Amino acid sequence: MGSFRRDKDDEDEGITNIYQNLEKTSVLQETRTFNDTPVNPRKCIQILTKILYLINQGEQLVAREATDCFFAMTKLFQSKDVVLRRMVYLGIKELSSIAEDVIIVTSSLTKDMTGKEDLYRPAAIRALCSITDNTMLQAVERYMKQCIVDKNPAVSCAALVSSLRLASTAGDVVKRWANEAQEALNSDNIMVQYHALGLLYHIRKSDRLAVSKLVNKLTRSSMKSPYAVCMLIRIACKLIEEEDISTEDMPNSPMFTFIESCLRHKSEMVIYEAAHAIVNLKNTNARVLSPAFSILQLFCSSQKATLRFAAVRTLNKVAMTHPAAVTTCNLDLEGLITDTNRSVATLAITTLLKTGAESSVERLMKQISSFVAEISDEFKVVVVQAICALCSKYPRKHTVLMNFLSGMLREEGGLEYKTSIVDTIITIIEENAEAKESGLSHLCEFIEDCEHVSLAVRILHLLGKEGPFANTPSKYIRFIYNRVILESPIVRAAAVTALAQFGASCPALINNILVLLSRCQMDPDDEVRDRATYYLHILQSNKPELYKHYIIERETCSLTLLEKALTEHLNGDLSTSFDISIVPKTAIVKEEVANEAMLISNTPRAPKITREEESAARLSQLPGIQVLGPIHRTTTPIQLTESETEYTVQCIKHIFANHIVFQFDCLNTLPDQILENVRVELTIPEGFTTRAVIPCPKLPYNELQTTFVIVEFPPDIASSAATFGATLRFVVKDCDPNTGEPDSDNGYEEEYMLEDLEITVADQIQKTKKSNFQAVWDAADTEEWVEAEDTYSLSAVSTLQDAVNTILKFLGLGAANLSEKVAEGTHTHTLICSGTFRGGAEILVRSKLALSDGVTMQLTVRTTDPDVAELVTSAIG
Amino acid sequence: MEGFMMEPTLNIIKGMCIMDNDGNRILAKYYDKNVLPTVKEQKAFEKNLFSKTHRSNTEIIMLDGLTCVYKSNVDLFFYVMGSAYENELILLSVLNCLYDSINLILKKIVEKRMVLDNLEIIMLAFDEICDGGVILDADPSSVVKRVDLRNDDIPIAEQTVAQVLQSAREQFKWSILK
């Protein structure tokens, strides 16, 4: 039976599919047939179709092949066959970008375009415009104008759409056709109306007054094309946003009245467009919103999947801006959770989770768990992400959410899915101290039966970090040691490291740990054995300061920067030894929260890189930058101008051990000017020295260009926080706004005042995050360290949280042990934080805060450099 | 807030595509230089799109930042793609136009074999529905009027053997079905 069926299939294919196994060269050979007289239309159509099919399948023609084919095709203009002629037009359009000398067919096409045959004309216009360049446009301009107002709607549409294409390269010429487009707007044909509106808007879009007039006129005359009405709604919205109409004036605005009236249009397309537009407007209130939301609610229960999708997508998008209004649709959204279309279902869940109230969390979770088993991994990941967001919103609900997550963890699922759950649990543990114990035990349970090595390793690492500080550290040891017995070498190695952490941090357990580690010395794997021996040796030494450096706080350098520093070292003077402390430590990268309705996307996520690594790559192109050593810190950009001025400048400060590189990103917003030799002149405070100024040779309109100034810090650290005056200096040349060519070679010097720049203490400090601050703090009580202490009264802040935020901002330090969060209702708080000063001095800060009338603070700084200690204590005040 | 306000433009369609039931491209057109610029990316996208849509006939999916509406029939899949912020109903109207036009052209036998037999007319229909991303016409009857220009009775002398066989087969099939 099977073989019989296959035979039949083969037979079918053999007869019908002439497009299978086409060979480019042989098909191109066949174009010789085009030269036959008289032309055989049937044969030629088939050959042309084959060529177009090949191109469509992704076959590349080189210029020579395309040109030959193109010229062969021109012969076919002799035939009167309609289909053949139309295929030739398609061929022309397809080949026009590859073949040379395509303008040869201009006259043939012009003839068809102005001829009598209505079946040729529209397609001929479009083909002609695809081969027309600016120089030839003058010649066809007259015809184009005529065609735009032609009484045949197809001709008019083709001319309008082609004009829009041409407008991108020859805007000036097309502008002259506005009158014709205006006339076409009055046509009875709906597509002509639509295209005419599109072209007119494109021509006038930079002139707000003209657009406003156009819209006002059209909103009064009712347009018939639903597409045109949708377009009009978008234009009206844009005007409303640009004019920034206030909430009170909104109901009286003619634009808004028009959009609102569209909610009662007969086409669903227009109704949706209007509802979508209204809920996305900036200045709205409940009264103007409610009709739009009712429409969306109605669509939620539509028969058509597309309508439901559209409604839920819109609700999802505005869930954050109008939570109250979206909540009214909750009932309908809950109905969509089980929708057959998974995109709809997922959007519904995430919307519900976004708007869910604290009280409804339990109910929602129950609903999700009822169907979570049925959906694919990709959608589960989206659900987990939404739950993660919910956890940060309602930290008190952690038990419900944690139980739900651990339930999901137990079920079958791929690596990506499991990773997202583990990520979420880890985030909860990090953000919420109360959830820590239960989270860790869920994870322990998970690694008992975990097939994913990468996850097991991560969890073991986390256990090593957090476990020793839990209420009963000993209970985790069993879970960890089980891994040593049962798992692959990679997991075993991670488990050994985790065990050592317990040994270092819990003196009570050290004897047990030593026994376990000595057993690991028999391990068959080298790495596991080595680690066991290493840790055993350190732990047996009984020196807590060694524990700190080699077990608890093993600092990690930024790998890319370490590589760079090592390469530089190898290329330089090898007589000095390499100093690892000048390599910046890995900074904490904050991952941006994707707020998008990012559904299933297979695009790989960009790897996380720190700002420092990014700027290191960029700065490495500057001459002489290598002598400054590796980069210590890069600040976020600061605007030095108002956003709507002629020139905008923003500054990024790159801090090195003894230097600052100021990077100025400049933008010229004047189309009729070109700036040359652009540089920033700084008023240097005492002690600082300018080392180099790297100007930007040329700053054309609307291009972001960069100029740099390199300044050396004063040797005295105490005076390193300072303010710089800044002036932008440049040579202005007037230029033609269209071409960007300067009118003459003579320019004039000009200067432009910028806002002052500051180098603060925080700029010079890179945050670090200590997982075990107390151990580090205690160890920093030796002779190398200096301690400075001072008491302040912070009168400007009224709450402890404000005080904590202010301190972290001024000092640029990273808080440890979640001490950046002040519990509600307390009157005292201890903030502990740490960082590295440029040059490598470590800074530890403990600040005890008490709330009385203002906030009183006792600040203790421990650091290896006395000057730094002084600077830090003086930074607050 | 990228895409928060949709820029009013006629360029709405990002792509149209017809695939067979193995996920192979029969015809595909992409209209935005910034969206899937190379054939390699296009094919990867199509493969992904097909794998996500061929089993569930649920009309719409969001994939790699594109909203795709689709429809399938016997051994063919029709797709219309637009930006993730686009009005889905506009895309759907274009998809319906594409499908209905082809349905009319192929006289209600929408199958891969028929599409390949009439590929030149289907190509013309693509061209008449969308020009570089602009919806040129969304009314199937007017599209068909402009592209289906063949005269039906081909002189027997000009028919290929395959075509003769084909029409004989059709007739035979119908006589059995009766």
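What you see is a predicted model; the values in this text were computed from it and never measured.

Procedures and definitions
- Residues numbered from 1 in each chain as written.
- Chains lettered and ligands numbered in written order.
- Predicted model: local features only at pLDDT ≥ 70, side-chain atom pairs only at ≥ 80, totals over all residues.
- Heavy atoms only, no water.
- Helix = DSSP H or I, 4+ residues; strand = E, 2+ residues; numbered from the N terminus.
- Areas by Shrake-Rupley, 256 points an atom, 1.4 Å probe, with all protein chains shown as cover.
- Buried < 20%, exposed > 50% of the residue type's maximum accessible area, 1.4 Å probe, protein only.
- Arc of directions from axis to C-beta.
- Contact = heavy atoms within 4.5 Å.
- Pairing = 2+ DSSP bridges.
- Axes fitted to C-alpha atoms, helices over the stretch in contact; angles between N-to-C directions.
- Parallel < 35°, antiparallel > 145°, perpendicular 65-115°, else oblique.
- Left-handed = near helix turned anticlockwise from the far one by under 90°.
- Nonpolar A, V, L, I, M, F, W, Y, C, P; charged D, E, K, R; others polar.
- Expected span 1.5 Å × (residues − 1).
- pLDDT = per-residue confidence, 0-100.
- Phe/Tyr/Trp six-rings, centres within 6.5 Å; stacked < 30°, edge-to-face > 60°.
- Core = buried A, V, L, I, M, F, W, Y, C linked by side-chain atoms within 4.5 Å.
- Buried area = accessible area lost by both parts, 1.4 Å probe.
- Salt bridge = Lys/Arg side-chain N within 4 Å of Asp/Glu carboxyl O.
- Polar contact = N/O pair within 3.5 Å; in protein donor to acceptor, adjacent residues only side chain to side chain.
- Disulfide = S-S within 2.5 Å.
- Patch = residues over 30% accessible without salt bridge, like charges linked within 9 Å, V, L, I, M, F, W, Y side chains within 5 Å.
- Lys, Arg positive; Asp, Glu negative; His and termini not counted.
- Charge placed at Lys NZ, Arg CZ, Asp CG, Glu CD.

Peer 1: Where do I start with the overall build of chain B in this structure?
Peer 2: Each helix and strand counted, chain B has six helices and seven strands in total. Seen in sequence order, chain B has helices and strands lined up from the N terminus as β-β-α-β-β-β-α-α-α-β-β-α-α. By element, 55% of the accessible surface of chain B is carried by carbon and sulfur atoms, the whole surface being about 7,900 Å².

Peer 1: Quick question: what am I supposed to make of helix H32 (residues 544-552) of chain A here?
Peer 2: Each α-helix turn comprises 3.6 residues. Residues three or four places apart therefore point the same way. All names here are of chain A. All buried positions along H32 are accounted for by Tyr 547, Lys 548, Ile 551 and Ile 552. Axial view of H32: buried residues confined to an arc of 115°, hence all on one face. Buried residues along H32 sit against helix H29 (489-505), helix H30 (510-520), helix H31 (526-541) and helix H35 (773-779).

Peer 1: Explanation requested: the sheet that holds strand S1 (residues 13-20) of chain B in the structure shown.
Peer 2: Whether parallel or antiparallel, the strands of a sheet pair through hydrogen bonds between backbone atoms. All names here are of chain B. Pairing within the open sheet is antiparallel, and its five strands lie in the order S2-S1-S5-S4-S3. Edge positions in the open sheet fall to strand S2 (25-30) and strand S3 (60-63), since each of these has one partner strand only. Adjacent strand axes in the sheet meet at a mean angle of 20°, parallel and antiparallel pairs treated alike. Against the sheet, helix H2 (residues 88-105) touches S1, S3, strand S4 (66-73) and strand S5 (76-83), its axis set at about 30° to S4.

Peer 1: How should I be thinking about the packing of helix H3 (residues 41-56) of chain A against helix H5 (residues 82-95) of chain A in this particular structure?
Peer 2: Helix-helix packing is characterised by the crossing angle of the two axes and by the distance between the axes. Residue and element names in this part refer to chain A. Across the interface, H3 lies against H5 with an axial gap of 10 Å and an inter-helix angle of 25°. In this view, H3 runs roughly parallel relative to H5, as classed from their interaxial angle. H3 and H5 meet at a crossing whose hand is left-handed. Of the residues in H5, those touching H3 at Pro 41, Cys 44, Ile 45, Leu 48, Thr 49, Leu 52 and Ile 55 are Val 83, Leu 84, Met 87, Val 88, Leu 90, Gly 91, Glu 94 and Leu 95. For the contact of H3 with H5, the class distribution of residues is 12 nonpolar, two polar and one charged.

Peer 1: Help me understand helix H13 (residues 208-220) of chain A, please; the structure alone is not making it clear to me.
Peer 2: Residues and elements named next belong to chain A. Between its first and last C-alpha atoms H13 spans 19 Å; for 13 residues at 1.5 Å apiece the expected length is 18 Å, and the two agree. Regarding H13, the residues found buried are Ala 210, Val 211, Ser 212, Leu 214, Val 215 and Leu 218. Summarising the contacts, the buried residues of H13 are in contact with helix H11 (178-185), helix H12 (190-204), helix H14 (226-243) and helix H15 (254-262).

Peer 1: Mind showing me how you'd approach the confidence of the model for chain A here?
Peer 2: Close inspection of predicted coordinates is inappropriate for parts of the model with low pLDDT. All names here are of chain A. With 92% of its residues at a pLDDT of 70 or more, chain A has an overall mean of 82. Note on residues 1-15: pLDDT is under 50 here. Beyond four places in sequence and across chains, it has five contacts. Segment residues 588-607 is flagged for pLDDT under 50; beyond a separation of four residues in sequence, or across chains, it makes 32 contacts in the model.

Peer 1: Please explain the packing of aromatic side chains as it appears in this structure.
Peer 2: For any two aromatic rings, the description comes down to two numbers: the centre-to-centre distance and the angle of the planes. Residues and elements named next belong to chain A. For the coordinates displayed, the defined rule picks out 14 aromatic pairs over all chains. Note on Phe 70 and Phe 71: the rings are 6.3 Å apart at their centroids and 70° apart in plane angle, and the pair reads as edge-to-face. Classification of Phe 70 as buried rests on a relative accessible area of 0%. With a centroid separation of 5.9 Å and an interplanar angle of 50°, the aromatic rings of Phe 688 and Phe 713 are classed as tilted. Of this pair, Phe 688 sits in the loop between strand S5 (673-683) and strand S6 (689-694) while Phe 713 sits in the loop between strand S8 (705-712) and strand S9 (722-734); the two residues are 25 residues apart in sequence, bridging distant segments of the chain. In this structure Phe 688 comes out as buried when scored by relative accessible area, which is 6%. Here a set of aromatic residues connected by ring pairs shows up, and it is made of Phe 662, Phe 664, Phe 688, Phe 713 and Phe 724.

Peer 1: I keep staring at the nonpolar core and nothing clicks. Help me out?
Peer 2: In terms of nonpolar packing, the biggest core is built from 259 residues, with Leu 109, Ile 259 and Phe 293 of chain A together with Ile 13 of chain B touching the most fellow members. Setting aside residues up to four positions removed in sequence, Phe 293 of chain A forms contacts with Val 279, Leu 315, Val 318, His 322, Ala 325, Val 326 and Cys 329 of chain A. One finds Ile 717, Val 761, Leu 794 and Phe 837 of chain A within the second-largest nonpolar core, a separate group that totals 30 residues.

Peer 1: So what exactly am I meant to see when it comes to the interface of chain A and chain B here?
Peer 2: How big an interface is tends to be expressed through the accessible area that disappears when the partners come together. Taken together, the contacts link 68 residues of chain A with 65 residues of chain B. The largest contributions to the chain A side of the interface with chain B come from Asn 56, Arg 234 and Thr 306 of chain A, which together make up 12% of the buried area. Linking chain A with chain B are 10 salt bridges. For the pair chain A and chain B, the interface holds 24 residue pairs in polar contact (both at pLDDT 80 or more). Looking at the side of chain A that touches chain B, the elements with two or more residues in it are helix H1 (2-16), H3, H5, helix H9 (153-167), H12, H14, helix H16 (268-280) and helix H18 (305-318) of chain A.

Peer 1: Would you explain the packing of H18 of chain A against H2 of chain B in this entry?
Peer 2: Orientation of H18 of chain A relative to H2 of chain B, taken along the N-to-C sense of each, is 160°, at an axis distance of 9 Å. Relative to H2 of chain B, H18 of chain A is oriented roughly antiparallel. As for the relative orientation of H18 of chain A and H2 of chain B, their crossing is right-handed in sense. Only Glu 88, Leu 89 and Leu 92 of chain B of H2 of chain B make contact with H18 of chain A, whose side of the interface consists of Thr 306, Leu 307, Phe 309, Ala 310 and Arg 313 of chain A. Looking at side-chain class alone, the contact of H18 of chain A with H2 of chain B contains five nonpolar, one polar and two charged residues.

Peer 1: Would you take a moment to explain the sheet that holds strand S7 (residues 696-699) of chain A for this structure?
Peer 2: Residues and elements named next belong to chain A. As summarised here, the arrangement of the four strands in space is S7-S5-S9-S10, forming an open sheet in which the pairing is antiparallel. Pairing within the sheet leaves two strands with one partner each, and these edge strands are S7 and strand S10 (748-759). Neighbour to neighbour, the strand axes of the sheet diverge by 30° on average, direction disregarded. With three bridges connecting them, S5 and S7 associate as antiparallel partners. By the bridge assignment, Leu 675 is partnered in S7 with Leu 699.

Peer 1: Please explain the pairing of S1 of chain B as it appears in this structure.
Peer 2: Moving residue by residue along a regular strand, the side chains alternate between the two faces of the sheet. All names here are of chain B. Within S1, eight of the eight residues are buried, which leaves it mostly tucked inside the rest of the structure. Here S1 runs beside S5; their pairing, made up of seven bridges, is antiparallel. Directly across from Gly 15, in S5, lies its bridge partner Met 81. With five bridges connecting them, S1 and S2 associate as antiparallel partners. The residue of S2 that forms the bridge with Gly 15 is Tyr 30.

Peer 1: Explain the state of the cysteines here, please?
Peer 2: Disulfides are covalent bonds that connect the sulfur atoms of two cysteines. Residue and element names in this part refer to chain A. A full pass over the atoms with the stated rule returns zero disulfides over all chains. The thiol sulfur of Cys 300 is not disulfide-bonded, and the nearest other cysteine sulfur, from Cys 329, lies at 6.0 Å. Not engaged in a disulfide, the cysteine Cys 388 finds its nearest cysteine sulfur in Cys 391; these two sulfurs lie 6.2 Å apart.

Peer 1: What exactly am I supposed to notice about the confidence of the model for chain B here?
Peer 2: Residues and elements named next belong to chain B. Model confidence for chain B is summarised by a mean pLDDT of 84, while 87% of its residues fall at 70 or above. Mean pLDDT across the elements of chain B ranges from a minimum in helix H6 (residues 161-177), with 71, to a maximum in H2, with 94. The ipTM value of the predicted complex is 0.85, and its pTM value is 0.67.

Peer 1: I would appreciate a short explanation of the pairing of strand S4 (residues 659-668) of chain A in the present structure.
Peer 2: Residue and element names in this part refer to chain A. Counting buried positions over the 10 residues of S4 gives 10, a clear majority of the element. Burial of the side chains of S4 extends over both faces: His 659, Val 661, Gln 663, Asp 665 and Leu 667 are buried on one face and Ile 660, Phe 662, Phe 664, Cys 666 and Asn 668 on the other. Relative to S8, S4 runs antiparallel, the two being bridged by eight bridges. By the bridge assignment, Val 661 is partnered in S8 with Ile 710.

Peer 1: Sorry if this is basic, but what is going on with a negative patch on the surface here?
Peer 2: All names here are of chain A. On the surface, Glu 642, Glu 644, Glu 755, Asp 756 and Glu 758 cluster together to form a negatively charged patch. Inspection of the secondary structure assignment puts Glu 758 in strand S10. Of the residues examined, Glu 758 reaches a relative accessible area of 45% and is grouped as partly exposed.

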